[in-house]
Amino acid sequence: MTSSGNTKTYVVGVGMTKFERPLTKKWDYPDMGRIAGKDALKDCGLSYDLVESVVASYCYGEPTCGQRAVYEIGLTGIPVFNINNNCSSGSSALMLARQLVKAGQDCVMALGFEKMERGLSERYTDKTSPVKRHMDHMVNIGADPELIRKDLNAMTSDVVKLFAYAAREYMKKYSQVSMDDFVKIAYKNRRHGANNPRATLQRVVSMESIASKNVLCHPITLGQPGLLCILL
């Protein structure tokens with residue numbers, strides 16, 4: 001929401017579901033949207049008819065899934081904008097919601113959801129892969145072209161490589177950074193999860209355990225591991 005007379009933006013309500021492991025709970029994205037959206041409205045004491053636009057973010061779904069999720073909250077005829085931007089889908093939705101506020105709207109909902117598979121995939125194999133150029137370049141500059149593990153498909157393996165090789169490049173650029181720093185970040189995240197009833201992983205794991213887990217792709221180990229609605 002905007003403050004009167006300027007374009008400052010405030011987060012006035014937040015709702016979130018529990019983050020579940022893929023394929024472990026019988027629910028669908030409309031259920032996620034209903035829970036998170038209504039919780040966000042309850043959090044700030046606003047009614048849905050005050051929301052002027054919704055920016056919905058997701059990756060695994062057909063076009064206009066955002067509309068279908070929003071129908072669970074209300075049908076007021078407002079525009080719903082769907083965002084698919086891979087790992088930055090949620091932050092992209094938040095940014096665009098902020099832009100709508102700056103453009104003059106008083107209340108905008110950013111709604112993100114994802115019903116994941118076990119692993120990553122590309123559904124439209126008859127079309128040019130949007131990530132193939134990146135993956136090919138990664139191999140051309142030295143990445144191992146083979147799967148990081150035989151039980152992973154190519155997309156999952158390549159995405160792990162992207163993050164792993166980025167971490168290696170970071171350590172190369174900043175020599176003071178080591179594997180221990182990444183372990184500490186993972187440990188910090190696991191401690192947060194242990195205190196968060198909506199987190200998937202709710203057990204504290206020691207730094208020694210994280211560091212000693214099987215390596216997926218150096219420096220990423222198996223120890224370095226829903227849905228959110230925000231009203232502006």
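Refer to the structure above for everything that follows.
Residues numbered from 1 in each chain as written. Predicted model: local features only at pLDDT ≥ 70, side-chain atom pairs only at ≥ 80, totals over all residues. Heavy atoms only, no water.

Asks: When you look at the nonpolar core in this model, what are you seeing that I'm missing?
Replies: Burial of nonpolar side chains together is a common tendency in soluble globular proteins. Of all hydrophobic cores here, the largest spans 21 residues; its most connected members are Tyr48, Val51, Val54, Met109, Leu111 and Phe113. Ranked by residues supplied to this core, first place goes to helix 1 (residues 29-44) with 4 residues. Once residues within four sequence positions are removed from consideration, Tyr48 is found in contact with Leu41, Val54, Val70, Ile73, Gly74, Leu75, Thr76, Ile78 and Met109. Counting 8 residues, the second largest nonpolar core, distinct from the first, contains Ala93, Ala97, Val108 and Ala110. (Core = buried A, V, L, I, M, F, W, Y, C linked by side-chain atoms within 4.5 Å. Buried < 20%, exposed > 50% of the residue type's maximum accessible area, 1.4 Å probe, protein only. Helix = DSSP H or I, 4+ residues; strand = E, 2+ residues; numbered from the N terminus. Contact = heavy atoms within 4.5 Å.)

Asks: Where do I start with the pattern of salt bridges in this structure?
Replies: A side chain of one charge can pair with a side chain of the opposite charge when the charged atoms of the two come close. According to the stated counting rule, one finds 10 salt bridges in the structure shown. Glu72 is paired through a salt bridge with Arg34; the nearest N and O atoms lie 3.0 Å apart. Taken together, the residues Glu72 in the loop between helix 2 (65-71) and strand 3 (80-83) and Arg34 in helix 1 connect sequence positions 38 residues apart. Glu72 sits in the partly exposed class, given a relative accessible area of 23%. For Asp136, the salt bridge is made with Lys132, and the minimal N-O distance between the two is 2.6 Å. Highlighted residues: Asp136 and Lys132, both in helix 4 (residues 132-140), separated by 4 residues, approximately one helical turn. Connected through shared salt-bridge partners, Asp31, Arg34, Arg68 and Glu72 make up one network. (Salt bridge = Lys/Arg side-chain N within 4 Å of Asp/Glu carboxyl O.)

Asks: Even after reading the chapter, I still don't get the environment of Met109, so can you show me in this structure?
Replies: Residue placement: Met109 occurs in strand 4 (residues 108-113). For Met109, a relative accessible area of 0% corresponds to the buried category.

Asks: Quick question: what am I supposed to make of the pairing of strand 2 (residues 53-57) here?
Replies: If a strand is regular, its side chains alternate between the two faces of the sheet. With 5 of 5 residues buried, strand 2 is to be regarded as a mostly interior element. Burial of strand 2 is two-sided: the residues Ser53, Val55 and Ser57 facing one way and the residues Val54 and Ala56 facing the other way are all buried. Across 4 bridges, strand 2 lies against strand 3 in parallel orientation. If you follow Val55 over to strand 3, its bridge partner there is Phe81. Running through helix 2, the crossover from strand 2 to the neighbouring parallel element strand 3 is right-handed. (Pairing = 2+ DSSP bridges. Right-handed = clockwise from strand over helix to strand, strands pointing away.)

Asks: Just to check I follow, could you spell out unusual backbone geometry for this structure?
Replies: Most peptide bonds adopt trans geometry, and most residues besides glycine take a negative phi value. The omega torsion of the bond from His218 to Pro219 falls at 5°, within 30 degrees of zero and hence cis. Looking at the element boundaries, Pro219 is found in the loop between strand 5 (215-217) and strand 6 (220-221). The residue Leu23 is not glycine, and still its phi comes out positive at about 65°. Looking at the secondary structure, you find Leu23 in the loop between strand 1 (13-16) and helix 1. On the accessibility criterion, Leu23 (58% relative accessible area) is exposed. Phi is positive for Thr64, which is not a glycine, with a value near 70°. Within the secondary structure layout, Thr64 lies in the loop between strand 2 and helix 2. Owing to a relative accessible area of 44%, Thr64 belongs among the partly exposed residues under this scheme.

That is the geometry; function is a separate question.
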